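So you can see what is in the structure, the chains are spelled out below.
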Amino acid sequence: MKKLVAVNKDACMACLACANACSEAFYKRTDVSVSCIQIGAKKDGSPKVLACPQCGKCAEVCEAGAITQNAKGVYMVNKKKCTGCGKCVEACPFGLMVKADDSETASKCIACGICVKACPMDVLTIKED
């Protein structure tokens, strides 16, 4: 299975370079609220990297069949089939499904690696099992 993972979690400075790169790539704007990777905070206030574990909860609730798992285990949103209902966003237990107000479709991490390249601290990597 291919997925984005934080391998050097303690090095994260919450600079948001990863989230900004993601939003730029998929929404053509710098807006961390539409990024498919999120930087939260642990109880002690230190940064916490939140990345899609490819659990498939989004696909389970998609009535349009727009979310399917590819051969590498990555759940992908078919923009042509997505109705924009937002049920996948509600179902994501990690809050990592994104549907921007001005977008007709939802999106999620596809383990593309754009955020990995943007991270100045080498916190992220794409892992393939």
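To be clear, the structure that these remarks concern was listed above.
To start, this report covers the structure provided alongside it. (Residues numbered from 1 in each chain as written. Predicted model: local features only at pLDDT ≥ 70, side-chain atom pairs only at ≥ 80, totals over all residues. Heavy atoms only, no water.)

As for the state of the cysteines
Now for step 1: For the coordinates displayed, the defined rule picks out zero disulfides.
Now for step 2: Distance from the sulfur of Cys 92, which forms no disulfide, to the nearest cysteine sulfur (Cys 55) is 6.2 Å. (Disulfide = S-S within 2.5 Å.)

As for the nonpolar core
Now for step 1: In terms of nonpolar packing, the biggest core is built from 21 residues, with Leu 4, Cys 18, Ile 37, Val 49, Cys 115, Val 123 and Leu 124 touching the most fellow members.
Now for step 2: For this core, the secondary structure elements donating two or more residues are β1 (2-6) and α1 (17-27).
Now for step 3: Top contributing element to this core by residue count: α1, with four residues.
Now for step 4: Those residues in contact with Cys 18 that lie beyond four places of it in its chain are Ile 37, Ile 39, Cys 115, Ala 118 and Leu 124. (Core = buried A, V, L, I, M, F, W, Y, C linked by side-chain atoms within 4.5 Å. Buried < 20%, exposed > 50% of the residue type's maximum accessible area, 1.4 Å probe, protein only. Helix = DSSP H or I, 4+ residues; strand = E, 2+ residues; numbered from the N terminus. Contact = heavy atoms within 4.5 Å.)

Some details on unusual backbone geometry
Peptide bonds are, in most cases, trans, and in most cases residues other than glycine have a negative phi.
Now for step 1: Non-glycine residue Leu 16 carries a positive phi angle of around 70°.
Now for step 2: Summarising the element assignment, Leu 16 is placed in the loop between β1 and α1.
Now for step 3: Not every positive phi belongs to a glycine, and Lys 28 is a case in point at roughly 60°.
Now for step 4: With respect to the secondary-structure elements, Lys 28 resides in the loop between α1 and β2 (38-41).
Now for step 5: For Lys 28, a relative accessible area of 65% translates into the label exposed.

Remarks on α1
Now for step 1: Buried residues of α1: Cys 18, Ala 19, Ala 21, Cys 22, Ser 23 and Tyr 27, and no others.
Now for step 2: Close packing links the buried residues of α1 with β2, α4 (114-118) and β6 (124-128).
Now for step 3: Phi for Lys 28, located one or two positions after α1, is positive at around 60°.

Quick look at the environment of Lys 108
Now for step 1: Relative to the assigned elements, Lys 108 resides in the loop between α3 (87-91) and α4.
Now for step 2: Residue class for Lys 108 comes out buried when judged on its relative accessible area of 5%.
Now for step 3: Residues Lys 108 and Glu 90, spaced 18 residues apart in sequence, show a C-alpha to C-alpha distance of 13 Å.
Now for step 4: Beyond its immediate sequence surroundings of up to four residues, Lys 108 is in contact with Cys 36, Cys 52, Gln 54, Cys 58, Tyr 75, Val 77, Leu 96 and Met 97.
Now for step 5: A distance of 2.9 Å separates polar atoms of two side chains, one belonging to Lys 108 and the other to Gln 54. (Polar contact = N/O pair within 3.5 Å; in protein donor to acceptor, adjacent residues only side chain to side chain.)

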